[in-house]
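# Structural description and commentary
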Amino acid sequence: MNWRQLSKLVAMICLVQAIYWLLVEKPLFRVNASEAPPAVEQVRTQIARLSAPTLADAARADFSDVELPWTHCCDTAMFAVRVTFRLDDVPPAGLGMISQLQVDNYRLYVNGSLLVGEGRMESGNGTFHGQKTFLTRMPAGLLKRGDNVLTYITLRDGFPYTDIFPPQIGEFEAMRSFSARRLWALNDFPRYSAGLLGLLGLLATVMVFRSDDWRFAAWLSALCGAFVANYLYGVELAPPFDGWGRMFAFFAINMFIPTALLCFIDAWTRRPLGWLMPLALSIYLAAAGYIAWRIYTTSMPDAFDVPAIVWIWMLAGLSIATLARLLWHFARAPEDRLTESALMSVLAVATLLDALCNLFPEWQLREGYLINAAPFLMLAMLTAFLARNFRLFQSQTALNTLLQAKVAQREAELAVAHMREQEFVRQQAHDAERRRIMQDIHDGLGSQLMSMMLSARLGEAEPAQVAEGLQAVIDEMRLMVDSMDSVGESLEAAFATFRARMQPRVVAAGLQLDWFQAEGLRLPDYGPREVLQLFRILQEAVTNALKHSGASRLAVEIGPEGDGAVVVRISDNGQGRAIPGVGRGLGNMARRAEAIGAGFALSSAPGEGTRVSIHLRYEAIAVA
């Protein structure tokens, strides 16, 4: 028996326990009741049984005076609870209240106005939002001097006991300051702890397949998973099962935590007892099976009370067994992991305290010690990792240096290859742009100049025709420049440029230009090539109107369509017959629209003018 080593462990456990309970648990998780703000006077409490959890049913119910706390057992129960409180003056910031009910869910009304109403209030299909503790603000506008009435409509369908405790009511700002730490511990701290322990559990799961000591990693993963499940039990208030299933989940999860902790400590010793893990698992499975049988086959309250007793004794027995296993290991085997052992003992002591608070309620201990202490498992494991791997890190320095050199060499080779790839892609882009420009010159400028040259050779080059042809060539050149310049960066800028370029021509031709563009319109994200094609369509439509319509007014409309797309319409009030223009004509306009994934339509009727519509569809644009 190594008494010296055992005494060191006991001394370290006492030191770590004192540090935790005095410097961590007490300031973070305990609330000094003497610091509570002055409470509002509660003058009367009445309770009535309901047939349906509604305020209308409560208005017809027969209420009886009761004293709080008040308990009901043992069936599906719906109650209306009226708490009358008195105010001499209404605080400007209103009142703050923390409800203290042990019910599945509830609705809260203040002087007949709904204040809290989350989740479902359906018998057999309710949620468990009544298990959440939070600060409720009662605005000053809902309060009055004299008597005010709080009305709770409660539903209890999963557990046998309905427990009603007096709410804490005080001035809102004072209540918020007083309850901030308590609510943080109840709501935020479990979420942070679940995230940390979930991450450790994932790392442990990877270690199961990569470590020689797979038992240690497996039980660490199982323990972290049990803690995360316990946290999720308090967060998931609308589970996919009824209250009976939730009751069983509570007992199963909370008994598995000390079971996994005992098995984890046994594996951590590196000298696991061959019989301990199978025995612990067998006891757990037997207790869980017995609890399930009790819940689903016996009547209340025994279906809850007997499982609760089994759970309490499981907590107490397993926590004592865990501490005994640590002490036995240090008494029988050489061990230098004192700090790590003492930190893990915090979990065993917290489990024992949770059992004692249920065994001896007169001691006025509170529940939740284990949930608060769980993050210390992370601290213990981090300490173990750093202590065990520091030498390993030092011995790998030379290997890391060699690997870094090889990585640097490979990075240099990849950088050279990347530069070659970039140059190849850049050359491809230049070649594609060169081909596009040559095609535009051939189709646009070449076609216009060839037409003018043939007219000149045939002696048909009238000055007006030459001027018109030169104007078309200038417009074509401008379009090509716009497709390569910053004007084509967005369709919004492209429309502005088109308007600025075409308006002088329209006015010079004696027509009035009406431009309508919807504000805040989401336009397609066109590139320069698509913008150029759209420019050509618009230019052709305007040119046709100027030449052939005989109109006095030309309108350009840009707005949304019913299917969420964008439509561009060019219409005139001319003679209303479609006359093909020079060059590519109307057929070429339709082909250009199709090339950018847009729809094209032309309508013309005698006396009603001509209208060209281009429908820009977002899904087609994405493909283009």
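It should be noted that the structure appears before, not after, this text.
First, a word on scope: everything that follows refers to the structure included in this document.

Thresholds, definitions, all that
- In this convention, every chain numbers its residues from 1, walking through the sequence in written order.
- Predicted model: local features are reported for residues with pLDDT of at least 70 only, side-chain atom pairs are reported and counted for 80 or more only, and whole-chain, interface and lining totals are derived from all residues.
- To obtain the side-chain values, all non-hydrogen atoms of the structure were used and water was disregarded.
- A run of DSSP states H or I qualifies as a helix once it reaches four residues; a run of E qualifies as a strand once it reaches two. Both are numbered from the N-terminal end.
- Here, residues are in contact when the closest pair of their heavy atoms is within 4.5 Å.
- Cysteine sulfur atoms are paired as a disulfide whenever they come within 2.5 Å of each other.
- Per-residue accessibility, obtained with a 1.4 Å probe over protein chains only, is compared with the maximum for each type, and a residue is labelled buried under 20%, exposed over 50%, and partly exposed between these values.
- By this rule the span expected of a helix is its residue count minus one, scaled by 1.5 Å.
- We define the bend at any residue as the angle between the axes fitted to the seven residues before and including it, ending there, and the seven starting there.
- For Phe, Tyr and Trp, rings pair up if their centres lie within 6.5 Å, where Trp contributes its six-membered ring, and each pair is then called stacked (planes under 30 degrees apart), edge-to-face (over 60) or tilted (otherwise).
- Definition used for salt bridges: Asp or Glu carboxyl oxygen within 4 Å of a side-chain nitrogen of Lys or Arg.
- Pairing between two strands is assigned when DSSP locates at least 2 bridges connecting them.
- For this analysis, a nonpolar core means a set of buried residues of the types Ala, Val, Leu, Ile, Met, Phe, Trp, Tyr and Cys, connected via side-chain atoms within 4.5 Å.
- Surface patches are drawn from residues lacking salt bridges whose relative accessible area is over 30%; two like charges belong together within 9 Å, two nonpolar side chains (Val, Leu, Ile, Met, Phe, Trp, Tyr) within 5 Å.
- Residue-level accessible areas treat just the shown protein chains as cover; the underlying method is Shrake-Rupley with a 1.4 Å probe.
- Neither His nor the chain termini are counted; the positive set is Lys and Arg, and the negative set is Asp and Glu.
- Pairing of N or O atoms within 3.5 Å defines a polar contact, subject to two protein rules: one partner must be a possible hydrogen donor and the other a possible acceptor, and residues neighboring in sequence count only if both atoms are side-chain atoms.
- A clockwise path from the first strand over the helix to the second, with the strands pointing away from the viewer, defines a right-handed crossover.
- To get an axis, a line is fitted to the C-alpha atoms, and for a helix only the part in contact is used. The angle between two axes follows their N-to-C directions and goes from 0 to 180 degrees.

## Re the environment of Ala593
- Along the chain, Ala593 falls in helix H15 (residues 585–595).
- Taking C-alpha positions, Ala593 is 7.2 Å from Ile614, a pair spaced 21 residues apart along the chain.
- In contact with Ala593, not counting residues within four places along its chain, are Ile537, Ala598, Gly599 and Phe600.

## Points about the state of the cysteines
- Counted according to the given criterion, the structure contains one disulfide.
- Each sulfur in the disulfide pair Cys73 and Cys74 lies 1.5 Å from the other. The sign of the 100° torsion about the S-S bond sets the Cys73-Cys74 disulfide as right-handed.
- According to the relative accessible area criterion, Cys74 is partly exposed, its value standing at 25%.

## Topic: helix H13 (residues 491–508)
- The terminal C-alpha atoms of H13, which comprises 18 residues, lie 26 Å apart, in line with the 26 Å expected from a rise of 1.5 Å per residue.
- Along H13, the helix axis deviates most sharply at Met502, where the bend reaches about 30°; the proline Pro504 sits within four residues downstream.
- Those residues of H13 lying buried are Leu491, Ala494, Phe495, Thr497, Phe498, Met502 and Val506.
- The first or second residue beyond H13 is Gly510, which carries a positive phi of 90°.

## Section: the packing of aromatic side chains
- Within the structure shown, the criterion is met by 13 aromatic pairs.
- Here the aromatic rings of Trp70 and Phe79 are separated by 5.1 Å at their centres, their planes lie at 80°, and the arrangement is edge-to-face.
- Assessed through its relative accessible area of 4%, Phe79 is described here as buried.
- A ring pair is formed by Phe250 and Trp311, whose centres lie 5.2 Å apart and whose planes are at 65°; its orientation type is edge-to-face. Separated by 61 residues along the polypeptide, Phe250 in helix H5 (residues 243–268) and Trp311 in helix H7 (residues 302–332) bring together distant segments of the chain. For the residue pair Phe250 and Trp311, the accessibility class agrees, reading buried in each case.

## Comments concerning the pattern of salt bridges
- One pass over the structure, following the stated rule, counts ten salt bridges.
- A salt bridge links Arg156 to Asp104; its shortest N-O distance comes to 2.9 Å. Taken together, the residues span a long stretch of sequence, with Arg156 in strand S9 (residues 146–156) and Asp104 in the loop between strand S5 (95–102) and strand S6 (105–110) at a distance of 52 residues.
- What makes Asp104 buried here is its relative accessible area of 4%.
- Two residues, Glu413 and Arg410, come together in a salt bridge whose shortest N-O distance is 3.2 Å. With a gap of three residues between them, Glu413 and Arg410 both fall in helix H11 (residues 397–457), about one helical turn apart.

## Examining the sheet that holds S6
- Strand order in this open sheet of six strands is S2-S1-S4-S9-S6-S7, and the pairing throughout is antiparallel. Strands with a single pairing partner mark the edges of an open sheet, and in this sheet they are strand S2 (64–65) and strand S7 (113–116).
- Pairing between S6 and S7: three bridges, direction antiparallel. Opposite Leu108, over in S7, you have Val116 as the bridge partner.

## What about unusual backbone geometry?
- Across the junction of Leu68 and Pro69, the peptide omega takes the value 5°, indicating a cis bond.
- Residue position: Pro69 is located in the loop between S2 and strand S3 (70–73).
- In this chain, Cys73 is followed by Cys74 through a cis amide linkage whose omega measures 25°.
- Relative to the assigned elements, Cys74 resides in the loop between S3 and strand S4 (77–87).
- For Asn111, which is not glycine, the phi dihedral falls at a positive 50°.
- Along the chain, the position of Asn111 falls in the loop between S6 and S7.
- Owing to a relative accessible area of 29%, Asn111 belongs among the partly exposed residues under this scheme.
- We note that Arg270 has phi near 70°; this positive angle belongs to a residue other than glycine.
- With respect to the secondary-structure elements, Arg270 resides in the loop between H5 and helix H6 (276–297).

## Focus on the nonpolar core
- One finds Phe227, Phe251, Phe264, Leu377 and Met381 to be the most contacted residues of the largest nonpolar core, which totals 80 residues.
- Considering each element in turn, this core owes the most residues, 14 residues, to H5.
- Counting residues in each nonpolar core, the second largest holds 34 residues, with Leu513, Met589, Ala593 and Ile614 among its members.

## Digging into a nonpolar patch on the surface
- Nonpolar side chains collect at one region of the surface, where Leu15, Ile19, Leu22 and Leu23 lie side by side and expose about 410 Å² of accessible area between them.
- Residue placement: Leu15 occurs in helix H1 (residues 3–29).
- Residue class for Leu15 comes out partly exposed when judged on its relative accessible area of 47%.

## A short note on the side chain of Asp572
- Among the secondary structure elements, Asp572 is positioned in strand S13 (residues 566–572).
- Despite its burial, Asp572 remains without a salt bridge, the nearest opposite charge being carried by Arg611 at 10 Å.
- Here Gly574 takes part through its backbone nitrogen, which lies 2.9 Å from a polar atom of the side chain of Asp572.
- Those residues within four positions of Asp572 in sequence are excluded, and the remaining contacts are Ala545, Ser549, Ala551, Arg553, Leu554, Glu608, Gly609 and Thr610.

## Looking at the pairing of strand S11 (residues 512–517)
- Of the pairings in the sheet, the one linking S11 to strand S12 (residues 553–560) comprises six bridges and is parallel in character. Note on S12: the bridge partner recorded for Trp515 is Val556.
- In this view, the connection linking S11 to its parallel neighbour S12 by way of helix H14 (residues 528–548) has left-handed handedness.

## Comments concerning the sheet that holds S13
- Judged by pairing direction, the sheet is mixed, and its five strands sit side by side in the order S11-S12-S13-S15-S14 without closing on themselves. Both outer strands of the open sheet, S11 and strand S14 (598–605), are each paired with one neighbouring strand and no more. Each neighbouring strand pair of the sheet contributes to a mean axis angle of 10°, computed without reference to strand direction.
- Of the strand pairs in this sheet, S13 and strand S15 (residues 609–616) are connected by six bridges, and their pairing is antiparallel. What sits directly across from Arg569, in S15, is Ser613.
- In the packing of H13 onto the sheet, the strands contacted are S11, S12, S13 and S15, and the crossing angle to S11 comes to about 170°.
- Strands in contact with H14 are S12, S13, S14 and S15; relative to S13, the strand with the most contacts, it is inclined by about 20°.

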